[in-house]
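# Residue-level structural notes
Each chain, letter by letter, is given below.
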Amino acid sequence: MALIKDIYTREFYQFIADQFHRVDSNFDRQKFIKRIFAGNFNEMEWKQRTKHSTATLHEFMPTSFSEAASLLRQVVRHLMETNHRGGLEYVIFPDYIETYGIDDFETAVQSFEIITQFITCEFAVRPFIIKYGARMISEMEKWSQSPHPQVRRLASEGSRPRLPWAMAIPSLKNDPAPILSILENLNNDPSDSVRRSVANNLNDIAKDHPHLVLSIARKWNGISKNTDAIIKHGSRTLLKQGQPEILHFYGLDSRDFQVKNFSVHTPTVKIGDHLIFSFQIANGNSVPKSLRLEYGLYYKKSNGQLARKVFKISERIYQGAEINYIERKQSFKLITTRKFYAGTHQISIIVNGLETGRVEFELLHI
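This is a predicted model, so every value here is computed, not measured.

## Some remarks on the packing of helix α6 (residues 105-115) against helix α8 (residues 134-143)
Working note: a packed helix pair is described by the angle between its axes plus the distance between those axes. The contact between α6 and α8 brings their axes to 12 Å, and the two run at 30°. What the angle tells us is that α6 and α8 run roughly parallel. In the packing of α6 onto α8, the handedness of the crossing is right-handed. Residues F105, E106, V109, F112 and E113 of α6 touch α8, and the partners they reach there are R135, M136, E139 and W143.

Dropping the structure here:
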């Protein structure tokens, strides 16, 4: 199985060396390759290889950060002009600006705006927000009005209070007000990737300030179909939590819906297999009603306690007196982002935020 660290190949480094030698004939390609693979490169994991690559590149760049950043921007522009598609391995470019440019604000900001059009700088900008605060947010607000969608996306994605796999921004978790103007500028953006980023930013905010997101939802409601979709996706955590006000906002009333014949068909499941369950859902109303249907899986944790994770099944209009049979599978295949613990687990059905009774099942070792 290919590992993420294996994106750093000899061919990649040779290509990078050629690109820098093209803009700076003093760049020693052979020595650069030799330094990259010196020492314990094979034992390094992905993040270690990223930092090692950044540090090694730094050894062969001009000592002046502004000169080094200029070379880096020239390389990126050439790659874009030749339609070269950058992959994750090129994260070393924004990492270079983050690592060596934190004290040169103007040069770093100029570099981010160019580099993010080739490889996202969403992780690299965050130390600048923490250090420079309003000054950096002001630049990102300008980015939100850029003609380039990747730059506009950086304004939203880079300012997320809780961006996954990145450092959190405590000031924005505490008070997201400084970035609301960025989201306002992008709430009807023509780019789907930008709109998804705005929704993800709202979802981050909802985890600390649910009523602020509800207020934004009311304000933006009806601007366009795209904006309505942003609101809905940005409210997903609140919907999964069954937050009453957001349920009411979407007309999700659990009254007169009934869950019948809820059954777990695999009361014992081995790690690596699937849990299979089924139930019937009936609309006891005589008129059509909106229904958001989910299930809650109570995973056993290392301390023996249970922790619920909510999974969406569907959301649609149920006609009056409609009855629907639903069967689902839940995978317990081993994955890197979750560790399974053998023992008693539980599962429940959630109708418009209202949870029904739980059913137990046993998870067994392989």
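Moving on from the coordinates now.
## Thoughts on the nonpolar core
Judged by nonpolar contacts, the single largest core of 76 residues is most densely connected at F20, F32, F93, I97, F112, M136 and W143. By residue number, the principal contributor to this core is helix α4 (residues 65-81), which donates eight residues. When neighbours within four sequence positions are excluded, F112 is seen to be in contact with P94, I97, E98, C121, A124, V125, F128, M136, W143 and L154. Counting 25 residues, the second-largest nonpolar core is a separate cluster that includes V264, I281, L293 and Y299.

## Topic: the side chain of S146
Along the chain, S146 falls in the loop between α8 and α9 (149-157). Polar contacts involving the side chain of S146 include one to the main-chain amide nitrogen of H148, which spans 3.0 Å. If we skip the residues at most four places from it in the chain, S146 touches V151 and R152.

## Some remarks on the side chain of R49
The topology assignment puts R49 in helix α3 (residues 46-59). In contact with R49, other than residues within four places in its own chain, are K5, D6, Y8, Y13, F41, N42 and M44.

## Examining the environment of D103
Within the secondary structure layout, D103 lies in the loop between α5 (92-100) and α6. With a relative accessible area of 63%, D103 lands in the exposed category. With 219 residues separating them in the primary sequence, D103 and E322 have C-alpha atoms 63 Å apart. Setting aside residues no more than four positions away along its own chain, D103 makes contact with K131 and Y132. Looking at D103, its side chain comes within polar contact range of the side chain of K131, at 2.4 Å.

## Some points on the sheet that holds strand β6 (residues 323-331)
In a beta sheet, neighbouring strands are held together by backbone hydrogen bonds and run either parallel or antiparallel to one another. Strand order across the open sheet formed by three strands is β1-β3-β6, with antiparallel pairing between neighbours. With one partner strand each, in any of the chains shown, β1 (257-264) and β6 form the two edges of the open sheet. Averaged over all neighbouring strand pairs, the angle between strand axes comes to 20°, with direction disregarded. Pairing of strand β3 (residues 274-283) with β6 involves nine bridges; the strand directions are antiparallel. Residue pairing for β6: A282 is matched across the bridge by I323.

What counts as what
Residues numbered from 1 in each chain as written. Predicted model: local features only at pLDDT ≥ 70, side-chain atom pairs only at ≥ 80, totals over all residues. Heavy atoms only, no water. Axes fitted to C-alpha atoms, helices over the stretch in contact; angles between N-to-C directions. Helix = DSSP H or I, 4+ residues; strand = E, 2+ residues; numbered from the N terminus. Parallel < 35°, antiparallel > 145°, perpendicular 65-115°, else oblique. Left-handed = near helix turned anticlockwise from the far one by under 90°. Contact = heavy atoms within 4.5 Å. Core = buried A, V, L, I, M, F, W, Y, C linked by side-chain atoms within 4.5 Å. Buried < 20%, exposed > 50% of the residue type's maximum accessible area, 1.4 Å probe, protein only. Polar contact = N/O pair within 3.5 Å; in protein donor to acceptor, adjacent residues only side chain to side chain. Pairing = 2+ DSSP bridges.

What is shown is where atoms sit, not what they do.
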